[in-house]
Amino acid sequence: MTPPALGATYRLQLHKDFTFADARALVPYLRRLGITHVYASPILKARPGSTHGYDVADPTVANPELGGEAERVRWTRAIAEAGLGLLLDIVPNHMGTGSANPFWEDVLTHGPASRYASWFDIRWSSTVEPLRGRVLVPVLGDKLPKVIARGEIQVVLTEGRLRLKYFEND
């Protein structure tokens, strides 16, 4: 089937409270409205609880919080059967970090030897000796001694691994 010419789009912001199934239920309404294309926020696995999907944790799977692969297929099939097109918003250079991202975890575990090291913008050859071959993530809201004194950053055991936890982020 040839996709329709781009005419009118309708943007859907998918998240755990508005899933593929919810979006599928709107397809008949969108067709009656005269929409030619559904324009959707990112649908790949994002950090748990993401409200926008731009913090991708695994670009190889549909977001399970949206209903996973089976629901993605049902949704896209409904769009096609209604004669509509689909525009997916993606940002290939955006990827969330943290324990939900297995590729980031591999980089933290294996450093420059990780097969995913090139996926991230990491300057492995820093001219500053303590940073050479290490990952520096500038996310602290204050100087490190003050952050430690206030208990904002901690070393925690998560799923059998030692991790740094800064507020709710690990």
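It should be emphasised that the depicted structure is a prediction, and the values quoted were computed from it without experimental measurement.

Caption draft 1: How the structure looks around the side chain of Glu152. Its location among the elements puts Glu152 in the loop between helix H4 (144-149) and strand S6 (153-158). Glu152 gets classed as buried once you look at its relative accessible area, which sits at 17%. Beyond its immediate stretch of four places on either side in the chain, Glu152 contacts Val147, Lys165, Tyr166 and Phe167.

Caption draft 2: Representation of helix H2 (residues 68-81) in the model. Here H2 spans 20 Å end to end across 14 residues, near enough to the 20 Å set by a 1.5 Å rise per residue. Every buried residue of H2 is listed here: Gly68, Glu71, Trp75, Ala78 and Ile79. In a view along the axis of H2, the buried residues occupy a sector of 100 degrees, so they form one face of it. In this fold, the buried residues of H2 make contact with helix H1 (20-33), strand S2 (37-40), strand S4 (56-62) and strand S5 (85-88). Taken from the residues just after H2, Gly83 is the one with a positive phi, measuring 80 degrees.

Caption draft 3: The arrangement of H1 in detail. Between its terminal C-alpha atoms H1 stretches 19 Å, which fits the 20 Å expected from 14 residues at 1.5 Å a residue. Along H1, the sharpest change in direction is near 35 degrees and occurs at Val27; proline Pro28 comes one to four residues later. All of the buried residues along H1 are Phe20, Ala23, Val27 and Leu30. Buried residues in H1 make contact with strand S1 (9-12), S2, S4 and H2. Once H1 ends, the next one or two residues include Gly34, with phi positive near 95 degrees.

Caption draft 4: Quick look at the pattern of salt bridges. Summed over all chains, the structure comprises 7 salt bridges. Between Asp17 and Lys16 there is a salt bridge, with the nearest N and O atoms lying 3.5 Å from each other. Given the relative accessible area of 56%, Asp17 is considered exposed. A salt bridge links Glu152 to Arg150, with the nearest nitrogen and oxygen atoms 2.6 Å apart. Note on Arg150: relative accessible area 45%, which makes it partly exposed. Within this structure, Arg24, Glu71 and Arg74 form a network of salt bridges that share partners.

Reading guide: rules and limits
Residues numbered from 1 in each chain as written. Predicted model: local features only at pLDDT ≥ 70, side-chain atom pairs only at ≥ 80, totals over all residues. Heavy atoms only, no water. Helix = DSSP H or I, 4+ residues; strand = E, 2+ residues; numbered from the N terminus. Buried < 20%, exposed > 50% of the residue type's maximum accessible area, 1.4 Å probe, protein only. Contact = heavy atoms within 4.5 Å. Expected span 1.5 Å × (residues − 1). Arc of directions from axis to C-beta. Bend = angle between axes of the 7 residues up to and from the residue. Salt bridge = Lys/Arg side-chain N within 4 Å of Asp/Glu carboxyl O.

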